[in-house]
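Below, each chain spelled out in residue letters.
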Amino acid sequence: MDTEYWYKSINEILAALDCDSGGLTSDSAAERLRQFGKNILMPGRRHSNQSRLFLNQFGNPLVLILIFAAVVAILVQDWLDALIVLTIILISALLGYMQEFRAMHAIERLQRQISIKTTVVRDGRLYRIGVAEVVPGDIVVLAAGNLIPADGVLLESKDFYVSQALLTGETFPVPKNPGIAAEHASLVERNNCVFMGTSVRSGTAKVLIVRTGLDTYYGKIAERLALRSPETEFERGLRQFGVLLVRVMVVVVAVVLIVNIALQHPTIEAVMFALALAVGLSPELLPAILTITLAHGAKSMASHGVIVKRLNAIENLGSMDVLCTDKTGTLTEGVVQLDSALDSSGQASQSVLQFAFLNARYQTGLSNTLDDAIIAAGVRSGLAESPYHILDEMPYDFVRKRLSIVVRHETETTAILISKGALEPILAVCDRVQTDGGVEALSEYRQQSIRHQFAAWSAQGYRVLGVAQKSIAPAREYTRDDERDLIFVGFLLFFDPPKADVNDTLCALRKLGVKLKIITGDNRFVARHVAEMVGIDGQCIITGAELDDMKDEALWHLVSEVTLFAEVDPNQKERIITALQKNGCVVGYLGDGINDAPALHAADVGISVDQAADAAKEAADLVLLQHDLAVLRRGIEEGRHTFANTLKYIFITTSANFGNMISMALASLFLPFLPMLAKQILLNNFLSDIPAIGIAGDNVERDWQRTPHRWNIQLIRNFMITFGLVSVIFDLLTFGVLLYFAGEVAAIFRTGWFVESLLTELLVLLVIRTYKPFYRSRPGKFLMAGILGVSVVALVLPYSPLGAAFDFVPLPWPLLGAILAITGLYVGVTEIVKRYFFRHWDRLR
């Protein structure tokens, strides 16, 4: 629909969309899908992503340096050097593209398993379809927990509240009702409209879809949306690593360039040499290695029932040291059963069960386990055939914390309003109580008696709800204002036993260095009972009311020591997550309700389950196919496996490249020629990166997986300098040997150093990839094959016809033997230094 719609009548909008309020036919919907396209924000995504993915291989600043070097070679008509540099660039780009494309394709297949669906009216019936299939003219039926799939106008609504902070920044949900807004109404003032990307907090509605995809309000601002996910631990570490590299590159390259020009080396060769040094330091395959490693981890996690929505979340999961979760379904079985329906004196009551059954059966909001348990108990008691008719409903919300319905018996003229919910909100709307002797005033004594029973049952682990009712005259419509002057009739006691293996799982998490914190909306008594049953200290507890009175500074001080938060609301959950992050924790949050979405978004890694509310799944980074901490534990181990292999590549590449760069910079100061040509440096760097791709599937020691690991720029810097300087010492030894055998014959010197430099970088990879002695740790098959294969290439290349293209010459056999001896000695010394380095670092840590 091209024109604005919020100030027009429903009939005008229906006419403009050429549809009616009964919904589309399947044929009409299919035609509109062809006309308007899919309801997604990136049409043609697959094709554009492939093109963008390939072009991104050239957008890396390190590759741009290579391209600049090739341009310089072309300008000075050094055609062979330019061709070699461009060939290396193209091969590296194709290699990275193919690996990343395969990884991206695998991730897309996994993510299709958890696509969001919505309910539409078509052919006069309700259908569940993917949100991408929604078209203008569709009638969408919404309930609490649903994501709104597109922009539309309300046809019907009942106590309908929408959370639209994503677009407007409003803290609390706003009411939406059918009607007509002013022509110049702002987005906030369009209370007759709903918008893509927002979510239903409570109530129900029917919506006429007007705009989809890029035509929606969200679609138009998607590229410039101010709201961004907070920088995660992994992203922050990667950024800091990039800053470290740039600083080192700028200083070393500037010094080398100035000194070489001062020594009157040819200017163009000096520039090319300095640029090649910059590229030589950089781990240019890091983006490809990251994608391959993360995709490998995602596929492995999927086989264990964890679907990855955002790849970076894998490494955040491995770094996680605090996991916040509700208790239901995580620590408990999640199969809630109604243990008993009791009157106000604590005796079993069939009438209380009937009131609860009617309330649960006729409510139309978000499906939940408590109502399912009530209905099941009612059916067992013979209440399935009910002679009542629903008149109206006041849906549950997180402010009132109760749900009310109005029903009428088919033989009665008056109706009954039945309300159930958390005990205190129920008592707040009652002024009488049903007792054995009849209806009495709800005196202070009666309230204290009710609260005492509630506390006693809660301490035994029961989830307790209150039930109230009153007779009410039939009316066309009822509102929340009718929830007053009710009669308290009794209690509902639910029991959700702890999982049989939860103690073992929690013990395993503790061994992995992950602290568990329970954040629940349940009352403090139930929360404490469940915590103690599964071995968590429940004595130190903070409630939602206490959080309201607590300043942020006080919360930051207490949050690390407290393991149990009860009676909290959605905004308080987010506040707890933020306080933990302020204390330096990497926080995971496991939630499945619509009230969990803010906390899921704020956490370093948001985790939901396949059966969760749409809003929760959309906000999550990972989705568990089973609501089970054991599944998550395996995911944590896989995350640490992935992070370990990422750090291996960075350790190995930066230390080896840093050493080579310093060595070449020093050699250029006293040699009458450049120690290695730019194309030889680039070839060296390219060949050494081939086996590095195998790091993605390398084996990881179990010791590493026992504790959380985070980006530590100081460790990376110290590692790079320590092992880089070891490399420099052996390079200087190699220089002496080369000068002894080759004299000032530049070709022999460069060839010998190329072979020695490449062999040492390849073989030391076997040493640095593990904390253990290298001969006690088995590398991955691809990694080992790559090292052996490239080592053979390094030894054969100088003697092959291809070597002449890179200005290589055959090496004398005594020189080759000396190079192999230096390489073996280097591997042994590096193994010794490694043991001292990590022993010293462990003491510091």
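Keep in mind the model is a prediction, meaning the values are calculated, not measured.

When you look at the packing of helix H23 (residues 629-670) against helix H25 (residues 713-742) in this model, what are you seeing that I'm missing?
Packed helix pairs are characterised by how far apart their axes lie and by the angle those axes make with each other. Interaxial distance between H23 and H25 falls to 7 Å at its minimum, and their mutual angle equals 45°. Accordingly, the angle class assigned to the pair H23 and H25 is oblique. Remark: the crossing between H23 and H25 carries right-handed chirality. Its residues placed into classes, the contact of H23 with H25 shows 17 nonpolar, 7 polar and 1 charged.

Would you explain H25 in this entry?
Taking 1.5 Å per residue, 30 residues should reach 44 Å; H25 reaches 41 Å between its end C-alpha atoms and fits that length. One or two residues past the end of H25 sits Gly 743, with phi positive at roughly 65°.

For this particular structure, what's the right way to read the packing of aromatic side chains?
Two aromatic rings, taken as a pair, are described by how far apart their centres are and by the angle between their planes. Within the structure shown, the criterion is met by 22 aromatic pairs. For the pair Trp 6 and Tyr 7, a centre-to-centre distance of 6.5 Å together with 75° between the ring planes defines the contact as edge-to-face. Taking the centre distance of 5.7 Å and the plane angle of 55° together, the rings of Tyr 462 and Phe 495 count as tilted. Taken together, the residues Tyr 462 in the loop between helix H15 (444-459) and strand S16 (463-472) and Phe 495 in strand S17 (residues 486-495) connect sequence positions 33 residues apart.

Explanation requested: the environment of Val 796 in the structure shown.
With respect to the secondary-structure elements, Val 796 resides in helix H27 (residues 781-796). Taking the C-alpha atoms as reference, Val 796 lies 9.6 Å from Val 755; in sequence the two are 41 residues apart.

Any chance you could explain a nonpolar patch on the surface here in plain terms?
A cluster of nonpolar side chains, Leu 263, Leu 666, Leu 669, Phe 670, Leu 732 and Leu 739, forms an exposed patch at the surface whose accessible area comes to about 490 Å². Among the elements of the structure, H23 and H25 are those that each provide at least two residues to the nonpolar patch. The element that contributes the greatest number of residues to the nonpolar patch is H23, accounting for 3 residues. The topology assignment puts Leu 739 in helix H25.

How should I be thinking about the nonpolar core in this particular structure?
Most often, soluble globular proteins have nonpolar side chains that are buried together. Ranked by internal contacts, the top residues of the largest apolar core, which has 76 residues, are Ile 716, Trp 753 and Phe 754. Broken down by secondary-structure element, the contributors of at least two residues to this core are helix H8 (233-262), H23, helix H24 (678-692), H25, helix H26 (746-768), H27 and helix H28 (813-844). In terms of residue count, the dominant contributor to this core is H26 (14 residues). The residues contacting Trp 753, other than those within four sequence positions of it, are Asn 660, Ser 663, Met 664, Ala 667, Pro 675, Met 676, Asp 731, Thr 734, Phe 735 and Leu 738. Counting residues in each nonpolar core, the second largest holds 61 residues, with Leu 323, Cys 324, Ile 519 and Ile 536 among its members.

Honestly, the state of the cysteines in this entry has me stumped. Any pointers?
Covalent bonding between the sulfur atoms of two cysteines defines a disulfide. For the coordinates displayed, the defined rule picks out 0 disulfides. Free cysteine: Cys 585, not disulfide-bonded; nearest cysteine sulfur from Cys 324 at 8.7 Å.

Whenever I open this one, the environment of Gln 337 confuses me. Can you help?
By the secondary structure assignment, Gln 337 is in strand S10 (residues 337-343). Here the alpha-carbon distance between Gln 337 and Ala 373, two residues 36 residues apart in the chain, equals 5.2 Å.

For this particular structure, what's the right way to read the pairing of S10?
Within a regular strand, the side chains alternate between the two sheet faces. Burial of S10 is extensive: 5 of the 7 residues sit out of reach of the surface. Pairing between S10 and S17: 6 bridges, direction antiparallel. Paired with Asp 343 across the bridge in S17 is Gly 490.

I'm lost on the side chain of Arg 32 in this one. Help?
Within the secondary structure, Arg 32 sits in helix H2 (residues 26-36). The buried charged residue Arg 32 lacks any salt bridge, with Asp 18 as its nearest oppositely charged partner at 4.6 Å. At 2.8 Å, the side chain of Arg 32 and the backbone oxygen of Leu 17 are in polar contact. Not counting chain neighbours up to four residues away, the residues in contact with Arg 32 comprise Leu 17, Asp 18, Cys 19, Leu 24, Gly 37, Val 135, Pro 136 and Gly 137.

So what exactly am I meant to see when it comes to the packing of H15 against helix H17 (residues 524-533) here?
Look at H15 against H17: their axes get within 7 Å of each other, and the N-to-C directions meet at 20°. Relative to H17, the element H15 lies roughly parallel. The two elements H15 and H17 meet at a crossing, and its hand is right-handed. Each of Phe 454, Ala 455, Ser 458 and Ala 459 in H15 lies in contact with H17, whose residues at this interface are Phe 525, Val 526 and His 529. The residue makeup of the contact of H15 with H17, split by class, is 5 nonpolar, 2 polar and no charged.

Got a minute to help me understand unusual backbone geometry in this structure?
Where the residue is not glycine, phi is negative for most of them; where a peptide bond is considered, it is trans in most cases. A positive phi angle, near 60°, is found at Lys 401, a position not held by glycine. Of note, Lys 401 is situated in the loop between strand S11 (388-394) and strand S12 (402-409). Even without being a glycine, Glu 567 presents a positive backbone phi close to 60°. When you line up the elements, Glu 567 lands in the loop between strand S20 (564-566) and helix H20 (570-582). For Glu 567, a relative accessible area of 24% gives the class partly exposed.

Here is what the cut-offs are and how they apply
Residues numbered from 1 in each chain as written. Predicted model: local features only at pLDDT ≥ 70, side-chain atom pairs only at ≥ 80, totals over all residues. Heavy atoms only, no water. Axes fitted to C-alpha atoms, helices over the stretch in contact; angles between N-to-C directions. Helix = DSSP H or I, 4+ residues; strand = E, 2+ residues; numbered from the N terminus. Parallel < 35°, antiparallel > 145°, perpendicular 65-115°, else oblique. Left-handed = near helix turned anticlockwise from the far one by under 90°. Nonpolar A, V, L, I, M, F, W, Y, C, P; charged D, E, K, R; others polar. Expected span 1.5 Å × (residues − 1). Phe/Tyr/Trp six-rings, centres within 6.5 Å; stacked < 30°, edge-to-face > 60°. Patch = residues over 30% accessible without salt bridge, like charges linked within 9 Å, V, L, I, M, F, W, Y side chains within 5 Å. Areas by Shrake-Rupley, 256 points an atom, 1.4 Å probe, with all protein chains shown as cover. Salt bridge = Lys/Arg side-chain N within 4 Å of Asp/Glu carboxyl O. Core = buried A, V, L, I, M, F, W, Y, C linked by side-chain atoms within 4.5 Å. Buried < 20%, exposed > 50% of the residue type's maximum accessible area, 1.4 Å probe, protein only. Contact = heavy atoms within 4.5 Å. Disulfide = S-S within 2.5 Å. Pairing = 2+ DSSP bridges. Lys, Arg positive; Asp, Glu negative; His and termini not counted. Polar contact = N/O pair within 3.5 Å; in protein donor to acceptor, adjacent residues only side chain to side chain.

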